[in-house]
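Given next are the chains, with one letter for each unit.
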Amino acid sequence: MFLGDGMSVPTLAAARTLRGQRAGAAGEEAQLAFEAFPTVGLAKTYCVDSQIADSACTSTAYLCGAKANLGTLGVSAAVPRYDCAAAADTQHQLDSIAVWALEDGRDAGIVTTTRVTHASPAGAYSRSADRDWESDAGVRAAGHDPHTCPDIAHQLVHSYPGTHFKVILGGGRREFLPVDAVDEDGAPGLRADGRDLIREWRADKAARNLTHQYVWNRNRLLAAAADPPDYLLGLFEGSHMRYHLQADPIADPTLAEMTEAAIRALDRNDRGFFLFVEGGRIDHAHHENRVELALDETVELSAAVQRAVELLDEEDSLIVVTSDHAHVMAFSGYTRRGGDVLGPSDDVGDDGVPYMTLSYANGPGHRPSQGDRRQDVTADPDFRSVEWRSHAEVPLQSETHGGEDVAVFARGPRHALFAGLYEQSRLPHLMACAAGLSRAPALCRD
Ligand SMILES: [Zn+2]
């Protein structure tokens, strides 16, 4: 399963156009790798208590198969956000499709460009009343006891199913290291309990007599992928991995490289595997109104899917690509065919001022009007640099998610199950059907 965090339908259209234009074509006719898949559906993303979703309640929906409250992970809607006691009640805890796969003797793993403890991947292994309880410092700051409500990093290293994930790749070393320690890049840890969970992860595998490796840069990942150990942990940044356009190509693996390493490790199990791969920073770039970064991260997700398509046989491997929620980027105006998708519209506003083809309904890119005229953003000194923000209607420190449906693309066994318009929480049940998991709903077994 591939997830583009915040990969709205307009993001797809704009990213494919950018991809085509980078290749010297008009662009609109280009395709992202997964847009060639035979089945497309739409998923409704709202959460139990929220019209517009966040990445935690959606992760609970598309990985655990039940809608939940905003900000909560791996627990039912009986758990209000921040309610540690309710989340600690095992009756309220959900199992993700990674658990369902492990129960059937298959393997499981996660890959992300965010911290591995961030909301989307955490839905695969954690149960938490708040997505921000990534280290024990977060749990303590909320006034709770980490013994009652273990933090998300602790759950990944010490609780099932995280203990059984064969591959864990992404960012987020700081959630695993104590405040008085520094990581390989000299960045400090966040943990208040003094524990080094990277060391504890290794000790757990050693105690279970499993071959294992911890890698922290691209070279070590590529070397490990050539002959994978039983268990592979890769943490490539203190926090999130860098945006692809701002990454160090020597030190930082791409999402496609991490995906290939994960597939090579997991594909050794004859019974199969469940792998979750997230392009997690499409969302962050949109929140910042940095549209070129958001589209580039989408193109990178496409490259990762393409790598999976090349490595996995369509006859026996289901690939599902979707998003958790939309964003409020608009793709607007009447620009001619082939017009620069990152440029201004061919039109100007009624005030005579240019506007961008890609702009936002809200966010930090808001510029106050000067009298009756909007600001001409094309005159900004840093116009079109990757960190330039497109314009936004409503001033907000962080651009918001959108409430519309997201697309679902499927290829492989029983891909047609994914057609139609349905609740996002249906996705893992459909994947379980296609994979023939014993936890699949009875109706789909034939
Ligand atoms: Zn977001």
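A. Highlighting the nonpolar core. Phe 2, Phe 34, Leu 169 and Val 321 are the most contacted members of the largest nonpolar core, which has 53 residues in total. Broken down by element, the residue count for this core peaks at nine residues, all from helix H12 (residues 291-311). Residue assignment places this core across two domains, with domain 1 (2-9 + 31-328 + 405-444) and domain 2 (344-395) each supplying three or more. Judged by nonpolar contacts, the second largest core, of 51 residues, contains Leu 3, Ala 108, Leu 177 and Tyr 422.

B. Examining the coordination of the zinc ion more closely. For the zinc ion, the full set of protein donor atoms is Asp 283 (OD), Asp 283 (OD), His 287 (NE2) and His 401 (NE2), and the range of their distances to it is 2.1 to 2.4 Å. In terms of primary sequence, the donors binding the zinc ion are separated according to D-x3-H-x113-H. Linking Asp 283 with His 287, this pair stays in helix H11 (residues 281-287), spanning four residues, or about one helical turn. A single burial state applies to Asp 283 and to His 287, both of which are buried.

C. Broad picture of the packing of aromatic side chains. Summed over the entire model, instances satisfying the criterion amount to four aromatic pairs. Each ring, one from Tyr 125 and one from Phe 165, has its centre 6.1 Å from the other, and the planes form 85 degrees; the classification is edge-to-face. Here the residue Tyr 125 occupies a position in the loop between helix H5 (119-122) and helix H6 (136-141), and Phe 165 occupies one in the loop between helix H7 (152-158) and strand S4 (167-171), the gap between them amounting to 40 residues. We note that Tyr 125, like Phe 165, is buried. The ring centre of Tyr 46 lies 3.6 Å from the NZ or CZ of Lys 67, which sits over that ring. Its guanidinium or amino end placed over the ring of Tyr 243, Arg 281 lies 3.9 Å from that ring's centre, counting from NZ or CZ.

D. Structural view of the state of the cysteines. If you walk through the whole model with that rule in mind, you get two disulfides. Note on cysteine connectivity: Cys 84 is disulfide-linked to Cys 149, with sulfurs 2.2 Å apart. Across the S-S bond linking Cys 84 and Cys 149, the dihedral sits near 110 degrees, which makes this disulfide right-handed. Note that Cys 84 is positioned in helix H3 (residues 84-88) and Cys 149 in the loop between H6 and H7, a separation of 65 residues in sequence. Here Cys 64 stays unpaired: no disulfide links it, and the sulfur of Cys 57, its closest cysteine neighbor, is 12 Å away. With relative accessibility at 6%, the residue Cys 64 sits in the buried group.

Conventions we followed
Residues numbered from 1 in each chain as written. Predicted model: local features only at pLDDT ≥ 70, side-chain atom pairs only at ≥ 80, totals over all residues. Heavy atoms only, no water. Core = buried A, V, L, I, M, F, W, Y, C linked by side-chain atoms within 4.5 Å. Buried < 20%, exposed > 50% of the residue type's maximum accessible area, 1.4 Å probe, protein only. Helix = DSSP H or I, 4+ residues; strand = E, 2+ residues; numbered from the N terminus. Domains from an automatic or database assignment. Donors = N, O, S within 2.8 Å, 3.2 Å for Na, K, Ca; no water. Phe/Tyr/Trp six-rings, centres within 6.5 Å; stacked < 30°, edge-to-face > 60°. Lys NZ or Arg CZ within 6 Å of the ring centre and 35° of its normal. Disulfide = S-S within 2.5 Å.

Structural measurements only, silent on function.
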